[in-house]
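Close look at the chain arrangement
One letter stands for each residue in the lines below.
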Amino acid sequence: MTTTAQFLPAPPLLSPVAHNWKLALLAGLVVSVIAIVLFPARLSVSVVGAMVALVAAAFAVNAYRRRYYGGLLVAPAIAVLFVMNIFPLLWSLGLSFFAYQSNNQSIRFVGLNNYIKVLTNDIAAPANWDALINTGMFVVFTVALQMITGFLLAMLFAKQFPLRKYLLILVLTPMMLSVVASGVFFSYYYDPTFGILSYVMGEITGNQFILMDSKVGAVAGIVFTDAWMWAPFVMLLVLAGLVSVPKYLYEAAAIDRVSKARQFWTITFPYIRGLLMLALLFRTIEAFKLYDLVYILIRGGQDTKTIAYLITEIANEQNKTSEGAALSYVILFMVIVLTNLYLYLANRRNQGA
Amino acid sequence: MSTIEVKKITKKYGEFLAVKDASLSVKAGEVVCLLGPSGCGKTTTLRMIAGLERATEGDVIIAGKRMNELPPQKRDIAMVFQFYALYPALNVGQNIAMPLHFEKLSKEETDRRVNKVAKILHLTEVLDRMPGQVSEGEKQRIAVARAIVRDPNCFLFDEPLSRLDVELRHSMRGQIKEVLSNLSKATVIVTHDQLEALTMADRIAIMRDGMIEQVGTPHEVFAKPANVFVASFIGTPQMNLMEADLKSFGKGVASVTLAGNAVEMAADPAVSTLRPSKVMIGIRPRAFTAESSAGKSTIPAQAELIEPMGAETLIHARTKLGGDIRVVVPRTQRIKIGDVLHLKPDPKQTHFFGENGRAVRA
Amino acid sequence: MATLAEKFGLRKASGVGEAGWGHTLIVALVSLIYFLPVLMIIFTAFKPSAQALSVPPTLSPTSLFGLIPDQFVFTPTLENFGQVFNRVMVSGNAAEPTGFDVFFFNSFFISSVSVLLALVIGTLASYGFSRYPLKGNDTYLFIILTTRMLPAIVVIIPIILMFRTVGLSGSYVGIIMLYTAFNLAFTIWMMKSFFDELSYDVEDAARIDGSSEIKVFLKICLPQVVAGLAATFVFGLILTWNEFLFALLLTGVDTRTVPVAMNQAVSSGGRGTDWTLLASIETLFLIPVFLVTFFLQDHLLRGVTFGTVKR
């Protein structure tokens, strides 16, 4: 490991060497201010951009010459994430303390009022809580179904057998579909008049079958579609764990006459536990954001609105941007608590093992 | 009875012939080493005995029962793997206890048996540790402990000591030998290290290119190698193998042309069956005496490189035709580089190999 | 003697973890059932419009020598694929280009550039996080992960405002930047675990031999994480390729991607869903990711361990 030894003395402020980032920053600021004052917005954006690039380059050279490689390597990623993710996040965090509607120019500081409103208001809060409960329900059902299906599929593919490669890609395909297409097509499969499900059920029961006619049916339809699309993801992770178990352990287990069940729990499971947890984490985060299928399959009907659906509705259709932002931050808080809990459990497990 | 018998087993991977017609029988309480260079098929043979590979042809008979079709679970065997194959998620004690679950023993009995073997192999202190937290030598002992914790039909070892350093290897050889001698089971050990084979085995089977070249006691394979390969493979420093022209044979003495010299040397009476032809003569470096003057049965060679080995000195000498001869002389015999040695082979330790590479012996 | 049954793998194969054609048969059945909804989409792409919504649903392009009753059989046609690029947009008018050639190009261009960019930037960053940990390394990593936790809509409003201000709305640069960021979190987490897994010994040996840090990274570390790069690429591609909401709100007419255009093509005109059109767009759209995934499949399995398997 190379240490971040700072053996290079800082250059005097005005010395024009490449790693003098202070000079670059100063020059950049001056030029930018002049540009903003003198030029129209579009042009000054380019000038400011160029200046940012100049300062960044000076920082980079400085970091390289000082062997501060960590910062140097991480900086571009942090920069992109900052501009495209963190900055908008902070912006919307800020918005959540204001009364702002995107179709209205007025903006007014309201403190925590938005939060109080989304959590306690007589009209808004019950819908939010319902959506939250729905989201929780979807998370539990769809993640559980994905994990079970993915796990079983992975067990099927864990061995070497002829044509494995070609069959595996078939199972992976649902993951590659566009949600628009799979959503629309599942609404066709579920369709009471034309759908195959209704046709099959009709042949059996003699009655027309309308899946989306009740909340249970609608939830089942959404959960099934989502789990169908993403179980292959879980499968891939579990499968990677399964194939990473060294073959000689199974051979030793065969010699030691270890039962299949014990083999699974003492040899196989420790290898896939971490990946199962990871699949759980990723799929839970994604399931919290469930929106598109609810929209495409049922337009939020039958009391299936999820929190992401509600936020999109509030922020985009009703233009209550700051309220949507406040609600989002409530959710973010919950997801962070959940994720930390997961990371805590995962780490404790790893240390214990 | 704990015996292993292997009858003409063959293993093919597609067109590749890994093991060909290998036969071997191991009595109860006997330790047989499968010795050979890497890729000679010795591990494959062992895995066929274990049931981890299925023999393409031939029979595997363990404890008197043909077991070709049986999976490892049904063969009741114990095996120590090359990389130990410790279960990474279980601690040392649980690892050793793994083979006992099959017998559905009580918790107390399991603990008792585990503690017993742990004591034998000095593992009592580390029973609660994970495999990742113990030393290489301890891992090796855990693997042995796991094998001897129950009472199997036989023991199989796949390169058990190859991952240990020289010191540890030496002490483990002794320990394993001691443990095995108390168990009186048929045991097969695969190794590429001849010292390991010579010290641990009751008998050694030397393999090359999927075939067993010779089976015999450590003394037999050393003193009476069946062919050129065995002769060159066993013994350090390596046996000198020299091409020679056999001229005639009479009264126990063979006249040969060796490295450009006419030499008369005592030979096995069976050499008389050979017609005058090209032969290979094998003489171990310790079977020479370096004389100061030429004689009828001496080979002249000039000392080129001298390696003191402690009690003895290894000399690389060059013959008239440029061939290299390795000679070991006692430390007390002072030889300098450039000295011409007249090497006299010990007639009892001179091996003649015919054109087919087989030893010519009565 | 190897019996015929053994030769064709019908009996249990010798090695541990290997199975024969019997297993293939079971897995094939399961896989086909799992693949069925996709297959129906692909079949629909070949159905004449009139048969798309027939009751009972038509299920097969062939009667399989009379095995399947005629009512389930449709007559395959390639017409729909032509419709994707040229069709009658306003009834009465002649067929006109739909612009889907451009949309396919956009999807291809935007996805590949942003996924590759994220791969480059993310790999550098993950190498930094792994080899030169900063103060508060874990905090950075966690913050990076949280960027993936919020519903897209939360970030999207400020981004729309931001893009409008600097004139990036509807441009390639804007959406590519956004997708790059979108892929970064995943890339960094995934690649970091790969670098964490590598042994330092070889790197240190290279340093002692006088290799520069850059050379150590390029020549020693990168070649060892190829599987991880491939897996990350496939996952990033799948997610970006099909991304809908950002594309809907941030791409313009010229930079529109296929999922957005597909949605519009399907729901426009007020005639209800055009099933055969949707199916043929999706079928065409599926091919590139399908091929990439297929060819990188071997890496995919080795690549998704995320280094979670320790010891």
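Residues numbered from 1 in each chain as written. Chains lettered and ligands numbered in written order. Predicted model: local features only at pLDDT ≥ 70, side-chain atom pairs only at ≥ 80, totals over all residues. Heavy atoms only, no water.

**Focus on the overall build of chain C**
Across its full length, chain C holds 15 helices and 2 strands. Evaluated residue by residue, chain C yields a buried proportion of 53% over its 311 residues. Looking at chain C as shown, the accessible area adds up to about 13,700 Å², and 68% of this sits on carbon and sulfur atoms. (Helix = DSSP H or I, 4+ residues; strand = E, 2+ residues; numbered from the N terminus. Buried < 20%, exposed > 50% of the residue type's maximum accessible area, 1.4 Å probe, protein only. Areas by Shrake-Rupley, 256 points an atom, 1.4 Å probe, with all protein chains shown as cover.)

**Comments concerning the overall build of chain A**
Secondary structure summary: chain A contains 14 helices and 2 strands in total. Principal-axis analysis of the C-alpha atoms places the extent of chain A at approximately 85 × 65 × 35 Å. The 353 residues of chain A split such that 52% are buried. Residue pairs at least 24 apart in sequence account for 63% of intrachain contacts in chain A once pairs closer than 6 positions are excluded. Carbon and sulfur atoms make up 68% of the accessible area of chain A, which totals about 16,200 Å². With 23 positive and 14 negative side-chain charges, chain A shows a spacing of 19 Å between the two charge centroids. (Contact = heavy atoms within 4.5 Å. Lys, Arg positive; Asp, Glu negative; His and termini not counted. Charge placed at Lys NZ, Arg CZ, Asp CG, Glu CD.)

**Some points on the sheet that holds strand 1 (residues 4–13) of chain B**
All names here are of chain B. Spatially, 2-1-4-5 is the arrangement adopted by the 4 strands of the open sheet, whose pairing is antiparallel. Both edges of this open sheet fall to strand 2 (16–26) and strand 5 (65–66), since each of them pairs with a single strand only. Pairing analysis gives 2 bridges linking strand 4 (residues 57–62) to strand 5, with the strands arranged antiparallel. In the strand pairing of strand 5, I62 is matched with K65. This element, helix 1 (residues 42–50), spans strand 1, strand 2 and strand 4 of the sheet and lies at about 115° to strand 1. (Pairing = 2+ DSSP bridges. Axes fitted to C-alpha atoms, helices over the stretch in contact; angles between N-to-C directions.)

**A few points about a nonpolar patch on the surface**
Residues and elements named next belong to chain A. On the surface, L26, V30, V33, I34, V37, L38, F39 and L43 cluster together into a nonpolar patch covering about 730 Å² of accessible area. Sorting elements by how many residues they give to the nonpolar patch places helix 1 (residues 21–38) first, with 6 residues. Along the chain, the position of V33 falls in helix 1. (Patch = residues over 30% accessible without salt bridge, like charges linked within 9 Å, V, L, I, M, F, W, Y side chains within 5 Å. Salt bridge = Lys/Arg side-chain N within 4 Å of Asp/Glu carboxyl O.)

**Notes on the interface of chain A and chain C**
At the interface, 102 residues of chain A touch 101 residues of chain C. In total, about 9,500 Å² of surface goes out of reach between chain A and chain C, with carbon and sulfur atoms giving 81% of it. Where chain A packs against chain C, one counts 1 salt bridge. Put simply, D298(C) and K165(A) hold a salt bridge, and the shortest N to O gap is 4.0 Å. Summed over the shared surface of chain A and chain C, the result is 8 residue pairs in polar contact (both at pLDDT 80 or more). If one sorts the elements of the side of chain A that touches chain C by residue count, helix 3 (residues 69–95) of chain A sits on top with 19 residues. For the side of chain A that touches chain C, the class distribution of residues is 74 nonpolar, 20 polar and 8 charged. (Buried area = accessible area lost by both parts, 1.4 Å probe. Polar contact = N/O pair within 3.5 Å; in protein donor to acceptor, adjacent residues only side chain to side chain. Nonpolar A, V, L, I, M, F, W, Y, C, P; charged D, E, K, R; others polar.)

**Some thoughts on the nonpolar core**
One finds F157(A), F100(C), I188(C) and L250(C) to be the most contacted residues of the largest nonpolar core, which totals 182 residues. Here this core takes 16 residues from helix 9 (residues 215–243) of chain A, the largest share from any one element. Apart from residues no more than four positions distant in its own chain, L250(C) is found in contact with I156(C), I159(C), I160(C), F163(C), S169(C), G170(C), I175(C) and L178(C). (Core = buried A, V, L, I, M, F, W, Y, C linked by side-chain atoms within 4.5 Å.)

**Describing the sheet that holds strand 16 (residues 299–308) of chain B**
Residue and element names in this part refer to chain B. Strands sit in the order 15-19-16-17-18 across an open sheet of 5 strands; the sheet is antiparallel. Where the open sheet ends on each side, the last strands, each with one partner, are strand 15 (288–291) and strand 18 (324–330). Strand after strand, the sheet turns through a mean of 45° between neighbouring axes, direction not considered. Note: strand 15 against strand 19 (residues 340–345), 4 bridges, orientation antiparallel. When the bridges of strand 19 are listed, A290 appears paired with L343.

**Side note on the interface of chain B and chain A**
Tallying the contact residues gives 24 residues for chain B and 16 residues for chain A. Summing both sides of the interface, chain B and chain A together bury roughly 1,900 Å²; the carbon and sulfur share of this comes to 64%. Of all residues in chain B, Q73(B), Y87(B) and M98(B) bury the most surface against chain A, accounting for 28% of the area lost on that side. Remark: the boundary between chain B and chain A carries 4 salt bridges. The salt bridge partner of R257(A) is E103(B), with a shortest N-O separation of 3.8 Å. Seen at the junction of chain B and chain A, the total is 8 residue pairs in polar contact (both at pLDDT 80 or more). When contributions to the side of chain B that touches chain A are tallied by element, the ones reaching two or more residues are helix 1 and strand 6 (78–80) of chain B. Of the residues that constitute the side of chain B that touches chain A, the class distribution is 17 nonpolar, 2 polar and 5 charged.

**A closer look at helix 6 (residues 164–176) of chain A**
Residue and element names in this part refer to chain A. Here helix 6 contains 13 residues, and its C-alpha end-to-end distance of 19 Å stays within 8% of the 18 Å for a straight helix at 1.5 Å per residue. The largest bend along helix 6 measures about 25° and falls at L170, with the proline P174 one to four residues further on. When you tally the buried positions in helix 6, you get 11 out of 13 residues, the bulk of the element. Restricting attention to buried positions, one finds in helix 6 the residues R164, L167, L168, I169, L170, V171, L172, T173, P174, M175 and M176. (Expected span 1.5 Å × (residues − 1). Bend = angle between axes of the 7 residues up to and from the residue.)

**Looking at the packing of helix 5 (residues 124–157) of chain A against helix 9 of chain A**
All names here are of chain A. Between helix 5 and helix 9, the least distance of the axes is 5 Å, while the angle of their chain directions is 40°. Judged by the angle between their axes, helix 5 and helix 9 are oblique. Taken as a pair, helix 5 and helix 9 cross one another with a handedness that is right-handed. Class assignment of the residues belonging to the contact of helix 5 with helix 9 gives a composition of 22 nonpolar, 5 polar and 2 charged. (Parallel < 35°, antiparallel > 145°, perpendicular 65-115°, else oblique. Left-handed = near helix turned anticlockwise from the far one by under 90°.)

**Thoughts on the packing of aromatic side chains**
Summed over the entire model, instances satisfying the criterion amount to 43 aromatic pairs over all chains. One Lys or Arg, K165(A), reaches over the ring of F294(C) and ends 5.1 Å from the middle of that ring. Its end group placed over the ring of F222(B), R284(B) keeps NZ or CZ at 4.0 Å from the ring centre. (Phe/Tyr/Trp six-rings, centres within 6.5 Å; stacked < 30°, edge-to-face > 60°. Lys NZ or Arg CZ within 6 Å of the ring centre and 35° of its normal.)

**Digging into the state of the cysteines**
Tallying each qualifying case throughout the model produces 0 disulfides over all chains. Between C154(B), a cysteine without a disulfide, and C33(B), which holds the nearest cysteine sulfur, the sulfur-to-sulfur distance is 15 Å. (Disulfide = S-S within 2.5 Å.)

**Here's the deal with the domain arrangement of chain A**
According to the domain assignment, chain A contains domain 1 (1–83) and domain 2 (115–352). Summarising the inter-unit geometry, the C-alpha centres of domain 1 of chain A and domain 2 of chain A are found 44 Å apart. (Domains from an automatic or database assignment.)

**As for the pattern of salt bridges**
Any two side chains of opposite charge can pair, given that their charged atoms come close. Applying the stated criterion across every chain, the model contains 32 salt bridges over all chains. Put simply, R66(B) and D59(B) hold a salt bridge, and the shortest N to O gap is 2.6 Å. Taking relative accessible area as the criterion, D59(B) reaches 24% and is therefore assigned partly exposed. Between R207(C) and D204(C) there is a salt bridge, with the nearest N and O atoms lying 3.1 Å from each other. Placement of the pair is R207(C) and D204(C) together in helix 9 (residues 200–208), with a separation of 3 residues, close to one helical turn.

**Focus on the side chain of D256(A)**
Tracing the chain through its elements places D256(A) in the loop between helix 10 (247–255) and helix 11 (260–288). Leaving out residues up to four positions away in the same chain, D256(A) has contacts with Y87(B), M98(B), P99(B) and R146(B).

**Digging into unusual backbone geometry**
With an omega of -10°, the peptide bond running from T236(B) to P237(B) counts as cis. Tracing the chain through its elements places P237(B) in the loop between helix 8 (228–233) and strand 11 (240–250). The backbone of R257(A) shows a phi angle near 55°, a positive value even though the residue is not glycine. Following the sequence through the fold, R257(A) ends up in the loop between helix 10 and helix 11. A relative accessible area of 11% places R257(A) in the buried class. Here D76(B), not a glycine, exhibits a phi torsion of approximately 55°, which is positive.

**Concerning the environment of L239(C)**
Along the polypeptide, L239(C) turns up in helix 11 (residues 226–241). Here L239(C) falls in the partly exposed class, since its relative accessible area comes to 25%. Sequence separation between L239(C) and I220(C) is 19 residues; the distance between their C-alpha atoms is 30 Å. When neighbours within four sequence positions are excluded, L239(C) is seen to be in contact with W230(A), R148(C) and F182(C).

**Overview of the domain arrangement of chain C**
Residue and element names in this part refer to chain C. Partitioning chain C into structural domains gives domain 1 (21–77) and domain 2 (100–303). The gap between the C-alpha centroids of domain 1 and domain 2 is 34 Å. The junction of domain 1 with domain 2 conceals about 630 Å² of combined surface from both sides, 81% of it contributed by carbon and sulfur atoms. Summed over the shared surface of domain 1 and domain 2, the number is 0 residue pairs in polar contact (both at pLDDT 80 or more).

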